[in-house]
Amino acid sequence: MQDQTIGTVMITQEQINKRAAEIGRQIEADYRGESVVLVGILRGAVVWMADIMKNVNLDMRIDFMAVSSYGASTKSSGIVKINKDLDTDIEGKNVIIVEDIIDSGITLNYLKGYMENREAKSVRICTLLDKPEGRRVDIDVDYIGFTVDDKFIVGYGLDYDQKYRNLPYISYLEE
């Protein structure tokens, strides 16, 4: 992508806040009386994870992982690399992986198996955006903010080569 132009606003901050509250209530209902560990996938999920955290009234711990499968490209390489692992022991714990966007599904499929192998009590996935057209592996997603078309999405934590994360809404890059 030589010259990037931001497209129109696809999802507003108000819409995101409303959906985060709805998902927060669902997580509370699903885990009533239990504790959860939210695992944010750096860097893109930070903004969304903060919104989810504010809307979940449960005993909660948080941790982060940094993984990559994109680099400075707009397409997944298909190879998942863990750049920062968990600091929290998740054995016997309810884990919710918080992601910014699910495209190919490769990264989340890998991470879900990774958490299960570490003997988490349960592993669920919460994503701000789901892009089913890009799916290369089957993966169940438990909490979906919004479904989006097959565009290169930016804003609200999502980037292109580390740019546009600070947009307070969801948009896309035009060529």
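From a predicted model like this one, the values you see are computed outputs, not experimental measurements.

(A) Spatial organisation of the side chain of threonine 107. If you trace the backbone, threonine 107 turns up in helix H3 (residues 106-117). In contact with threonine 107, other than residues within four places in its own chain, are Val67, Ser69, Val80 and Glu99.

(B) Helix H1 (residues 13-30), seen in detail. Between the first and last C-alpha of H1 there are 25 Å, a value that for 18 residues agrees with the 26 Å anticipated at 1.5 Å per step. All of the buried residues in H1 are Ile16, Ala20, Ala21, Ile23, Gly24, Ile27 and Glu28. Those residues of H1 that are buried are in contact with helix H2 (46-54), strand E5 (94-102), strand E6 (122-130) and strand E7 (143-147).

(C) Expanded view of the side chain of aspartate 51. You can see aspartate 51 is positioned in helix H2. Not counting chain neighbours up to four residues away, the residues in contact with aspartate 51 comprise Ile16, Asn17, Ala20 and Tyr156.

(D) Looking closely at the nonpolar core. Membership of the largest hydrophobic core comes to 28 residues, with the highest contact counts inside it found for Ile27, Trp48, Ile52, Leu128, Leu129 and Ile170. Ignoring anything within four residues of it in the chain, the contact list for tryptophan 48 reads Ile16, Ala20, Ile23, Val98, Glu99, Cys126, Thr127, Leu128, Gly145 and Tyr156. Listed in part, the 20 residues of the second largest apolar core include Val80, Ile97, Ile106 and Val123.

(E) Structural context of H2. Among all positions in H2, only Trp48, Met49, Asp51 and Ile52 are buried. Looking straight down H2, one finds that the buried residues subtend no more than 160° of arc, so they occupy a single side. The secondary structure elements touched by the buried residues of H2 are H1, strand E2 (35-42), strand E3 (59-68), E5, E6 and E7.

(F) Region of interest: the environment of valine 137. Along the chain, valine 137 falls in the loop between E6 and E7. You can call valine 137 partly exposed: its relative accessible area is 25%. Sequence separation between valine 137 and asparagine 109 is 28 residues; the distance between their C-alpha atoms is 7.5 Å. When residues no more than four places from it in sequence are discounted, the contact partners of valine 137 are Ser104, Gly105, Ile106 and Asn109.

(G) Structural context of the pattern of salt bridges. By the definition in use, this model includes 13 salt bridges. A salt bridge links lysine 54 to aspartate 51; the shortest N-O distance between them is 3.5 Å. Linking lysine 54 with aspartate 51, this pair stays in helix H2, spanning 3 residues, or about one helical turn. A relative accessible area of 6% means that aspartate 51 is categorised as buried. Between aspartate 159 and arginine 165 there is a salt bridge; the shortest N-O distance is 3.2 Å. Take arginine 165: its relative accessible area is 19%, and that puts it in the buried class.

Parameters and conventions
Residues numbered from 1 in each chain as written. Predicted model: local features only at pLDDT ≥ 70, side-chain atom pairs only at ≥ 80, totals over all residues. Heavy atoms only, no water. Helix = DSSP H or I, 4+ residues; strand = E, 2+ residues; numbered from the N terminus. Contact = heavy atoms within 4.5 Å. Expected span 1.5 Å × (residues − 1). Buried < 20%, exposed > 50% of the residue type's maximum accessible area, 1.4 Å probe, protein only. Core = buried A, V, L, I, M, F, W, Y, C linked by side-chain atoms within 4.5 Å. Arc of directions from axis to C-beta. Salt bridge = Lys/Arg side-chain N within 4 Å of Asp/Glu carboxyl O.

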